[in-house]
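Reading the structure
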Amino acid sequence: MGEFDRWADIHQDLFNEINKRFYSYNNYIQLRLVCKQWNLKLPKIPEGNKVPWLVLSTGSAVKESFEEEAHALEEEVRAPEDEGILDARSLEEKRIYHLMLPVMQDNIMCGSRHGWLIIVMVYEGTVRILNPFTKVHLDLPPVSTLPNVININGDKCTLCYKGLIITRNTIFVHQDQIWKAIINSTPNNDNDSDFIAVVIYGLFLELAFYMPNEKRWIRFPTRDLVDIHDVIFFEEKIFAVDGNGQLYEFDTRTKSGPVGGKHEATPPPSNVGMPNCYYYLIGGDNGSLLMLVKGVRHRYYMKNQKRFCKCETVKFDVYELKKNEKTWSRIHSLGNYILVIGSNSSVQILPSNFLNCRGNQIYFTDDMHDRREVYFENTTPASQIGIFDLEDGSCQTFLTDVDSFCHPIWILP
């Protein structure tokens, strides 16, 4: 018993050194299961984590090995309601693991960064940064403080859109007001974390930001900043792109909030040849920016007297804007990199972080644009998760039987 106590009370510095040497969540989970004291010493996901997870808002998290035979190798692991500790049975590589996370039930996921999720709690309207594995969380200002929300009274919410006053069900407002959320740094485990958050919100896809010690979301000062498709933090700046491919740049090194406006670069030509084009931004190498143009085909059909929509991703074009330049250049190869886009903070990473993957590919999920089609058309497209090969133009989809409103999102290193 004395030998166990000595290991249980291991010094925090030595424990941190052990923790740094772990590669994946598998090791992290097993470390937490050793004893209660070790579990308490691990308040957040280790910096050394390299394994991506795919999370579905039905409450399940999936680690995908992308092998054809992977579905035959599934193991289910459950997290108890009261403990939040995962049962690490058969945690081997090259498998798909379903981690049932009760803390994710009835929440809308609208962003992720470095192992943390940004969620909206549907019934309360709370906006929260959450580590889904440890349950450590920090609260941001609630949905009720967004610039377009006038008042919430019980189940009725009053909103203002360009001078038009409308009333909607409060829960519906909680569900669809925030389309995407990003943060500029990994939170600490206390309420004094010094980070900035930005959201794309509302019917017109506008931008609002949060700074430390603020009590509400603040609208960006730039006029006519609407129809924003994506927003990222990159090199101490905020970059956004609208539905016309116009780039916006804002400096974050000010006490009063982001300052900036339209970037001098002209929008890249749209060569995808599709009527529905969606734009994404990713920070590249040597200060360059990447812009992805996704072409989507919408097919509407009737079934049982209801209208349905199938959203199919058919093509991607990739453009690069080098530092201090004003012209986008189309690129046809990502080299050894893969791009991961969706509601997560879009990133460029090496394929070694994924199992059995190779470079020059784009990993994508349904995101705010596909959900917006549902919002306006009252249709229910099935969620699409896939890989687009930039070399041969092929598109492979997987996990095609997930719930239509699962809102998949990547949790990335």
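Structure: see above.
Reference entry: report on the structure contained in this document. Values in this document were obtained by computation on a predicted structure and should not be read as measured data. Sequence order as written defines residue numbering, which begins from 1 separately in each chain. Totals for whole chains, interfaces and linings use all residues, but because this is a predicted model, local features are given only for residues with pLDDT of at least 70 and pairs of side-chain atoms are given and counted only at 80 or more. Computation of side-chain values: all heavy atoms of the structure, hydrogens and water removed.

**Regarding the pattern of salt bridges**
Just to be clear on terms, a salt bridge is a Lys or Arg side-chain nitrogen sitting within 4 Å of an Asp or Glu carboxyl oxygen. Scanning the entire structure with this criterion turns up 11 salt bridges. We note a salt bridge from Asp 139 to Arg 128, for which the minimum N-O separation is 2.6 Å. You can see Asp 139 sitting in strand β8 (residues 137-140) and its partner Arg 128 sitting in strand β7 (residues 127-130), a full 11 residues away along the chain. With a relative accessible area of 42%, Asp 139 lands in the partly exposed category. Secondary structure counts use DSSP, requiring at least four H or I residues in a row for a helix and at least two E residues in a row for a strand, with both numbered from the N terminus. Each residue is assigned to one of three classes by its accessible area relative to the maximum for its type, calculated with a 1.4 Å probe on protein chains only: buried under 20%, partly exposed between the two thresholds, exposed over 50%.

**Side note on the environment of Gln 12**
With respect to the helices and strands, the residue Gln 12 is situated in helix α2 (residues 12-20). It is 9.5 Å that separates the C-alpha atoms of Gln 12 and Trp 38, two residues lying 26 residues apart in sequence.

**Notes on the environment of Thr 397**
Take Thr 397: it is sitting in strand β28 (residues 395-397). A relative accessible area of 36% means that Thr 397 is categorised as partly exposed. In sequence terms Thr 397 and Phe 364 are 33 residues apart; their C-alpha atoms lie 9.4 Å from each other. Two residues qualify as a contact provided that any one of their heavy atoms is within 4.5 Å of a heavy atom in the partner residue. Contact partners of Thr 397, with chain neighbours within four places excluded, come to Gln 384, Ile 385 and Gly 386.

**Remarks on the sheet that holds β28**
Strands qualify as paired when DSSP identifies two bridges or more between them. Ordered by their spatial adjacency, 5 strands build an open sheet running β25-β24-β26-β27-β28, and the pairing between neighbours is mixed. Whereas interior strands pair on both sides, the edge strands pair on one side only; in this sheet they are β25 (347-349) and β28. The average angle at which neighbouring strand axes cross in this sheet is 20°, direction not considered. Bridge count between strand β24 (residues 338-341) and strand β26 (residues 361-365): 4 bridges; the pairing is parallel. Pairing of Ile 338 across the sheet is with Gln 361, part of β26. The angle between two axes is taken between their N-to-C directions and runs from 0 to 180 degrees, where each axis is a line fitted to C-alpha atoms and a helix contributes only its stretch in contact.

**So, the layout of surface pockets**
Only protein atoms enter the 1 Å grid used here. Points where a 1.4 Å probe fits but cannot escape make up a cavity, open sets with protein on both sides within 12 Å along at least five of seven lines make up a pocket, and a residue lines them when an atom lies within 4 Å of a point. Grid points are joined across faces, edges and corners, and a volume is the space filled by probe spheres set on the points. Of the pockets and cavities examined, the second largest pocket occupies roughly 410 Å³. Residue lining of the second largest pocket: 21 residues in total, with Arg 113, His 114, Ser 346, Val 347 and Gln 348 positioned closest to the centre. Contributing elements (two or more residues each) for the lining of the second largest pocket: β5 (107-113), β12 (178-183), β16 (228-234), β20 (276-283) and β25. Looking at which element gives the most residues to the lining of the second largest pocket, the answer is β16, with 4 residues.

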